[in-house]
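An overview of the molecular structure
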Amino acid sequence: MKRTNAGILLALVVVVLLGAVSTTPALAQDPVPTPSVDEINAIAKRMYCPVCENIPLDVCATEACEQWRAMIGEKLALGWTEDEIFDYFVLLYGDRVLSEPPRTGINWLIYILPTIFVLIGIFVIVRGFLLWNKPLESLAVDRAEPVESDYISQMEEELKKRN
């Protein structure tokens, strides 16, 4: 019996020592920082709700949005950057989750077309003003030369007959 108690005691001491040695590195590490609600909402503001149409993720009250915000908090706690988080959600749900489409492919038209339309509009307005201010003499018909046509001469003859 004494031998059994000594074996159990030795095993217990070894387990306690191994436990102390293995937990020391874990205790020495910094605690994982918990991201604030403002940090989470700063990222969620630039994303849209997966369920609702055109509602930013930071103000949506659906359960899906709450889960997404929790997931953003987890990713931030793991040290992910904003771009990594956006890439993760785009990979899962597509570009529709982003409030600003990526500037690649055909999405460039969203950024270029408004500028082109504004420039065309300015050109049309300036040209209209220049034509509007053009003197009317250049548009008027020269009355020094009588305009002769068969129709006019026929009309004059008909009028002479009636008088």
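Residues numbered from 1 in each chain as written. Predicted model: local features only at pLDDT ≥ 70, side-chain atom pairs only at ≥ 80, totals over all residues. Heavy atoms only, no water.

1. Remarks on the overall build of the protein
Definition in use: Under the scheme used here, helices are H or I runs from DSSP no shorter than 4 residues and strands are E runs no shorter than 2 residues, and both carry numbers assigned from the N terminus. Classification of residues uses two cut-offs on accessible area relative to the type maximum, computed with a 1.4 Å probe and protein chains only: under 20% is buried, over 50% is exposed, and between them is partly exposed. To be clear on the numbers: accessible area is Shrake-Rupley with a 1.4 Å probe, and residue cover counts the displayed protein chains and nothing else.
Broken down by element type, the protein carries six helices and zero strands. Scanning the protein from its N terminus toward the C terminus, one meets helices and strands in the order α-α-α-α-α-α. Taken across its 163 residues, the protein has 13% of its residues classed as buried. Accessible surface for the protein amounts to roughly 13700 Å². Of this, 63% is attributable to carbon and sulfur atoms.

2. Quick notes on the packing of helix H2 (residues 37–44) against helix H3 (residues 63–77)
Rules: Every angle, taken between N-to-C directions, lies between 0 and 180 degrees, and every axis is a line fitted to C-alpha atoms, over only the stretch in contact when it is a helix. Angles below 35 degrees are treated as roughly parallel, those above 145 as roughly antiparallel, those between 65 and 115 as roughly perpendicular, and all remaining angles as oblique. For any helix crossing, the convention is left-handed if the near helix is rotated counterclockwise from the far helix by under a right angle, and right-handed if that rotation is clockwise. Note on contacts: a residue pair is in contact if any heavy atoms of the two residues lie within 4.5 Å. Ten residues, namely Ala, Val, Leu, Ile, Met, Phe, Trp, Tyr, Cys and Pro, are considered nonpolar, four, namely Asp, Glu, Lys and Arg, are considered charged, and the remaining ones, Gly among them, are considered polar.
Remark: H2 packs on H3, axes separated minimally by 9 Å, with the N-to-C direction vectors making an angle of 110°. Overall, the two elements H2 and H3 adopt an arrangement that is roughly perpendicular. Here H2 runs over H3; the crossing is right-handed. Judged by residue contacts, Glu39, Ile40, Asn41, Ile43 and Ala44 of H2 engage Arg69, Ile72, Gly73 and Leu76 from H3. Looking at the contact of H2 with H3 residue by residue, the class counts come to five nonpolar, two polar and two charged.

3. As for the packing of aromatic side chains
In plain terms, the rule: Within 6.5 Å between ring centres, the rings of Phe, Tyr and Trp (the latter by its six-membered ring) count as paired, and their orientation is classed by plane angle as stacked under 30 degrees, edge-to-face over 60, tilted in between. Criterion for a charge above a ring: Arg CZ or Lys NZ at most 6 Å from the ring centre, at most 35 degrees from the ring normal.
Scanning all chains against the criterion turns up six aromatic pairs. Ring plane angle 80° and centroid distance 5.4 Å describe the contact between tyrosine 88 and phenylalanine 89, whose orientation is recorded as edge-to-face. Ring geometry for phenylalanine 129 against tryptophan 132: centres 5.9 Å apart, planes inclined by 20°, an arrangement best described as stacked. Taken together, the residues phenylalanine 129 and tryptophan 132, both in helix H5 (residues 108–132) and three residues apart, mark about one turn of the helix. We classify tryptophan 132 as exposed; its relative accessible area is 64%. Feature note: the residues Trp68, Trp80, Tyr88, Phe89 and Tyr93 constitute an aromatic cluster, connected by ring pairs. Positioned over the ring face of tryptophan 80 is lysine 75, at 4.4 Å from the centre of the ring. Over the ring of tyrosine 88 we find lysine 75; its NZ or CZ atom is 4.5 Å from the centre of that ring.

4. Quick look at the nonpolar core
Nonpolar side chains in soluble globular proteins generally cluster together in the buried interior. As a reminder, the rule being used: Nonpolar cores are built from buried Ala, Val, Leu, Ile, Met, Phe, Trp, Tyr and Cys residues. Side-chain atoms within 4.5 Å join them into one set.
Counting 15 residues, the largest nonpolar core has Ile43, Met47, Leu57, Trp68, Ile72 and Phe89 as its most contacted members. Elements supplying a minimum of two residues to this core: H2, H3 and helix H4 (82–93). Isoleucine 72 has contacts with Ile40, Ile43, Ala44, Met47, Leu57, Ile85 and Phe89, leaving out every residue within four places of it along the chain.

5. Observations concerning the environment of asparagine 54
Mapped onto the elements of the fold, asparagine 54 is located in the loop between H2 and H3. Residue class for asparagine 54 comes out exposed when judged on its relative accessible area of 63%. Here the alpha-carbon distance between asparagine 54 and arginine 96, two residues 42 residues apart in the chain, equals 9.6 Å.

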